[in-house]
Amino acid sequence: MRKPLVVALCALALAGAGATPAVAAAPSPTGADTTTGTAPATPLTDLVNDTVGAVADTLSGLTGPKAGAVNFAGTVSLSNCSGSVVRMPDSAASDPALVLTNGHCLESGFPAPGQVLTDRASSRTFGLLNASGAKVATLRANRLVYATMTDTDAAIYRLSSTYAQIKSAYGIDPLTLSGTRPAAGTAISVVSGYWKRIYNCSVDGFAYRLKEGDWTWKDSVRYTSACDTIGGTSGSPVVDDATGKVVAVNNTGNEDGGRCTVNNPCEVDENGGVTVRQGINYAQQTYPFTACFTTGNRLDLSASGCTVPKP
C-alpha cells in the first residue's frame, strides 16, 4: 500500500534535482522464513491534490514511459491514489458509470480486516484524463458501491454521470473489465492517473496469499521487476496490452525487504511457506467482479458466480 503524500514531498526535491524516484532492488525468493520494498494512502484535500498534480505533470515528462496502444484515456486521479472509469462486459452506455480503485484509497480510511462496505453515500471527485494524460473533467460519485481490503483490495464508486454522457461531453470511453483470469507471461501496463505515468512489464506469476500487516489477499498478481510502481499508483488499472482490458488493480509492493509488515507484503504458499521479494510489486485480480454486477450496473452479491467477500 502506498502513501502518495510522502512520495509527493520527495518528488518536489527530486524534481528540483532533476532525478527520478528511487526504486527497490530485484527480488530474491526465499523459503519458510528468509528475507532477501508500500503504505496505505491517507486522504488529502483537493487543494493538495492539485498542487501535487502539478509536480506529477513535471515528473511525468521526466520519468514516464509511454506504452504503445495503452494510454491514459478513462483513467482518473484521486486525492490520494489512481483509478479508472470501468464498465462490466455487459454494461450499457446508459448505465451509471463506475470508478475502480483500491479499498485502501477510501476517503474514510482503511476497511478493517473482514470488513466489507456496500452502498454508502459518497460525493468523492475524480479527475478524468484523456489519452495524453491531460485532465479534461471532474467527475463526482454519488455512491460507494463496494469496498474491502479482505481477500482483495478494491473499491468501486458509482458516478452521477452515465457512460454515454461522459462519451458525449469528453469523447472518452470507459475501460472494460476482463471476465477471465490473466495468465502468467501476459504483457501488461499499469496506468497511473495520479502520476500520469505508464509502467510496462509482464505478469510474473501469482501469490497464493499475499499478507501485509493485518490484511491478507488471495491469488494476487505479481509483476516482473520492470513495473517499479511508487506511492500514488495505488488503484491504477492493470491493462492487458493485447486486449486493452483491465485484469487487475495495482495495490502494493515490498519496499524494504521486511516480512509480512505494512509496506512489506510477503507471499504465503499453500503450505504456509513465506517468500519475501524486495522491490517487487503486486495487484489484485478484478475478473471476479464481473459476475457481481447485473443490469444497470447494480451490485448483486448473491448473483451466481459472484465470489467476492460479502458483508
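This text follows the structure it describes.
To start, this report covers the structure provided alongside it. Predicted, not measured: the structure shown is a model, and the values here were computed from it.

## Some points on the state of the cysteines
Between two cysteines, a covalent bond joining their sulfur atoms is known as a disulfide.
No. 1: Under the criterion given, the structure shown has 4 disulfides.
No. 2: Between the sulfur atoms of Cys-81 and its disulfide mate Cys-105 the distance is 2.0 Å. As the torsion about the S-S bond is roughly -90°, the Cys-81-Cys-105 disulfide counts as left-handed. Placement of Cys-81 in the loop between strand 1 (75-77) and strand 2 (82-87) and of Cys-105 in the loop between strand 3 (96-101) and strand 4 (116-121) is noted, with a sequence separation of 24 residues between them. The residues Cys-81 and Cys-105 share a single accessibility class, namely buried.
No. 3: One disulfide bridge connects Cys-292 with Cys-306, the sulfur atoms lying 2.1 Å from each other. Judged by the torsion about the S-S bond (100°), the Cys-292/Cys-306 disulfide is right-handed. Of this pair, Cys-292 sits in the loop between strand 16 (281-285) and strand 17 (293-294) while Cys-306 sits in the segment after strand 18 (298-299), and the two are 14 residues apart along the sequence. By the burial criterion, Cys-292 is buried, and Cys-306 matches it.
No. 4: The cystine pairing of the protein chain, numbering bonded cysteines in sequence order, is 1-2, 3-4, 5-6, 7-8.

## Brief notes about the pattern of salt bridges
A pair can form between side chains of opposite charge whenever their charged atoms are brought close.
No. 1: Applying the stated criterion across every chain yields a total of 8 salt bridges.
No. 2: Arg-143 is paired through a salt bridge with Asp-119; the nearest N and O atoms lie 3.1 Å apart. One end of the pair, Arg-143, is in strand 6 (residues 135-148); the other, Asp-119, is in strand 4, with 24 residues separating them in the sequence.
No. 3: A residue is classified by how much of its surface remains accessible, and Arg-143, at 22% relative accessible area, is partly exposed.
No. 4: Arg-181 is the partner of Asp-219 in a salt bridge, and the nearest nitrogen-oxygen pair spans 2.7 Å. Placement of the pair is Asp-219 in strand 11 (residues 215-223) and Arg-181 in the loop between strand 8 (175-176) and strand 9 (187-192), with a sequence separation of 38 residues.
No. 5: One network of salt bridges, with partners in common, ties together Asp-204, Arg-222, Glu-267 and Arg-277.

## Details of the pairing of strand 2
No. 1: Most of strand 2 sits out of view: 6 of its 6 residues are buried.
No. 2: Residues Ser-82, Ser-84 and Val-86 line one face of strand 2 and the alternating positions Gly-83, Val-85 and Arg-87 line the opposite face, and both faces are buried.
No. 3: The pairing of strand 1 with strand 2 spans 3 bridges and is classified as antiparallel. Bridge pairing links Thr-75 to Ser-84 in strand 2.
No. 4: Between strand 1 and strand 2, which pair antiparallel and follow one another directly, the connecting turn spans 4 residues.
No. 5: In this structure, strand 2 lies alongside strand 3, joined through 3 bridges in antiparallel fashion.

Cut-offs applied
- Residues numbered from 1 in each chain as written.
- Predicted model: local features only at pLDDT ≥ 70, side-chain atom pairs only at ≥ 80, totals over all residues.
- Heavy atoms only, no water.
- Disulfide = S-S within 2.5 Å.
- Helix = DSSP H or I, 4+ residues; strand = E, 2+ residues; numbered from the N terminus.
- Buried < 20%, exposed > 50% of the residue type's maximum accessible area, 1.4 Å probe, protein only.
- Salt bridge = Lys/Arg side-chain N within 4 Å of Asp/Glu carboxyl O.
- Pairing = 2+ DSSP bridges.

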